[in-house]
Amino acid sequence: MRVTDLAREFLRPVISLGDIVVDATAGTGQDTLFLSQCVGETGRVFAFDIQAAALQQTRDSLQKNGLADRAILVNQSHEQLVSALWDAAVGEQAVKALMFNLGYFPGGDQTIITKAETTITALNGALTLLAAGGMITVCLYPGHTGGAEESEAVINWCKTREDPFISHHFQTLNRKSPPTLAIIQRMR
Ligand SMILES: C[S@@+](CC[C@H](N)C(=O)[O-])C[C@H]1O[C@@H](n2cnc3c(N)ncnc32)[C@H](O)[C@@H]1O
């Protein structure tokens, strides 16, 4: 099973119709599409990406599926996610789920990658937005240049989160440098 599929399976029972959720790395738009289906007509998905081409692909995918009105596409770094959501009147502990799928835009420029420092800033912001009972998923890719350092930084960050947060890390055991999945939940 791929970590991207595993992340969705963990999120599915957490997200309800009408929820506000975030895709912190829109990329091809597959996670934004998944989240748009989970939140229904009354919910909203905020999707971030620093690449206009990624957001265009996300927009196309949403339009093809008739779900474009459920998503707000933000052409900014996910470091800005707290201020962007506050601007949209979404405050602390109002977001049920945030997905991070790190690395590069599949099919795009592989040198434009998420980076440890900005990812950790975004994750710290994500914790302030996360609702009780909510969940953050982070797909980690140690296989590309810079990916191992970023994965290690995220795992160390996860290990040091305190109550009411609880963190988990899932990985395939019999592959070399496999993608892995970190999950952070807000228990209350
Ligand atoms: C692995 S892809 C995401 C895949 C996507 N979730 C999907 O369903 O296809 C990673 C994406 O993160 C984006 N990215 C890189 N740095 C970023 C940042 N600081 N803020 C937001 N997005 C960023 C890249 O442009 C790329 O599109």
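Up top you'll find the structure we're talking about.
Fair warning: this is a prediction, and the values are worked out from it, not measured in the lab.

Asks: Looking at this model, I keep getting lost on the packing of aromatic side chains. Mind explaining?
Replies: The way to describe two aromatic rings as a pair is by their centre distance and the angle between their planes. Applying the stated criterion across every chain, the model contains one aromatic pair. Judged by centre distance (5.0 Å) and plane angle (40°), the rings of F10 and F170 are tilted. Residue F10 is located in helix 1 (residues 3-11), and its partner F170 is located in strand 6 (residues 165-171); the two are separated by 160 residues in the primary sequence.

Asks: So what exactly am I meant to see when it comes to the environment of T42 here?
Replies: Along the polypeptide, T42 turns up in the loop between helix 2 (30-39) and strand 2 (44-48). For the pair T42 and A52, spaced 10 residues apart in the sequence, the C-alpha separation amounts to 26 Å. Those residues in contact with T42 that lie beyond four places of it in its chain are L17 and G18. Side-chain polar atoms of T42 contact the backbone nitrogen of G18, separated by 3.4 Å.

Asks: Looking at this structure, how should I read the sheet that holds strand 5 (residues 130-140)?
Replies: Within a sheet, each strand pairs with its neighbour through backbone hydrogen bonds, oriented either parallel or antiparallel. The strand order 3-2-1-4-5-7-6 describes an open sheet built from seven strands, whose pairing is mixed. Of all strands in the sheet, those with a lone pairing partner are strand 3 (71-74) and strand 6, marking the two edges. Here the strands of the sheet are splayed against their neighbours by 15° on average, with no regard to which way each runs. Two elements, strand 1 (residues 20-23) and strand 4 (residues 95-101), share three bridges in a ladder whose sense is parallel. By the bridge assignment for strand 4, V22 is matched with L98. In the packing of helix 1 onto the sheet, the strands contacted are strand 4, strand 5, strand 6 and strand 7 (180-186), and the crossing angle to strand 5 comes to about 175°.

Asks: Mind showing me how you'd approach the site of the ligand here?
Replies: Not every one of the 22 residues close to the ligand is listed here, only the nearest: T25, T28, D31, D49 and Q51. Note that an oxygen atom of the ligand is positioned 2.9 Å from one of the side-chain N or O atoms of Q51. Between the ligand and H78, the relevant distance is 2.9 Å, taken from a nitrogen atom to a main-chain nitrogen or oxygen of the residue. When the ligand sits alone it has 600 Å² of accessible area, and the protein chains cover 95% of it. The cavity where the ligand resides is the largest pocket. When grouped by side-chain class, the residues that make up the shell around the ligand number nine nonpolar, 11 polar and two charged.

Reading guide: rules and limits
- As a convention, each chain's residues are numbered from 1 in the sequence order in which they are written.
- Under the rules for a predicted model, residues below a pLDDT of 70 receive no local features and side-chain atom pairs below 80 are neither given nor counted, while totals for whole chains, interfaces and linings still include all residues.
- Based on all heavy atoms of the structure, the side-chain values leave hydrogens and waters out of the count.
- We call Phe, Tyr and Trp rings a pair once their centres come within 6.5 Å, taking the six-membered ring for Trp, and we label the pair stacked below 30 degrees between planes, edge-to-face above 60, and tilted otherwise.
- Secondary structure elements follow DSSP: runs of H or I no shorter than four residues count as helices, runs of E no shorter than two count as strands, and numbering proceeds from the N terminus.
- Note on contacts: a residue pair qualifies if any of its non-hydrogen atoms lie within 4.5 Å across the two residues.
- The term polar contact refers here to a pair of N or O atoms within 3.5 Å; inside protein, the definition further demands a hydrogen-donor-capable atom paired with an acceptor-capable atom, and it admits residues adjacent in sequence only when both atoms are side-chain atoms.
- Criterion used throughout: strands pair if DSSP finds at least two bridges between them.
- To obtain an axis, a line is fitted to C-alpha atoms, over the contacting stretch when the element is a helix, and the angle between two such axes runs from 0 to 180 degrees between their N-to-C directions.
- Each residue is tested against the molecule or strand, and it is near if at least one of its non-hydrogen atoms lies within 4 Å.
- Accessible surface is estimated by sampling points in the Shrake-Rupley manner with a 1.4 Å probe; for residues, cover comes only from the protein chains shown.
- With a 1 Å grid spanning the protein atoms alone, the term cavity applies to any set of points in which a 1.4 Å probe fits but cannot get out, the term pocket to an open set with protein on both sides within 12 Å along at least five of seven lines, and the term lining residue to any residue with an atom within 4 Å of a point.
- The rule for placing a molecule in a cavity or pocket is simple: more than half of its atoms must lie within 2 Å of the grid points.
- Three classes are used: nonpolar for Ala, Val, Leu, Ile, Met, Phe, Trp, Tyr, Cys and Pro, charged for Asp, Glu, Lys and Arg, and polar for all others, with Gly counted as polar.

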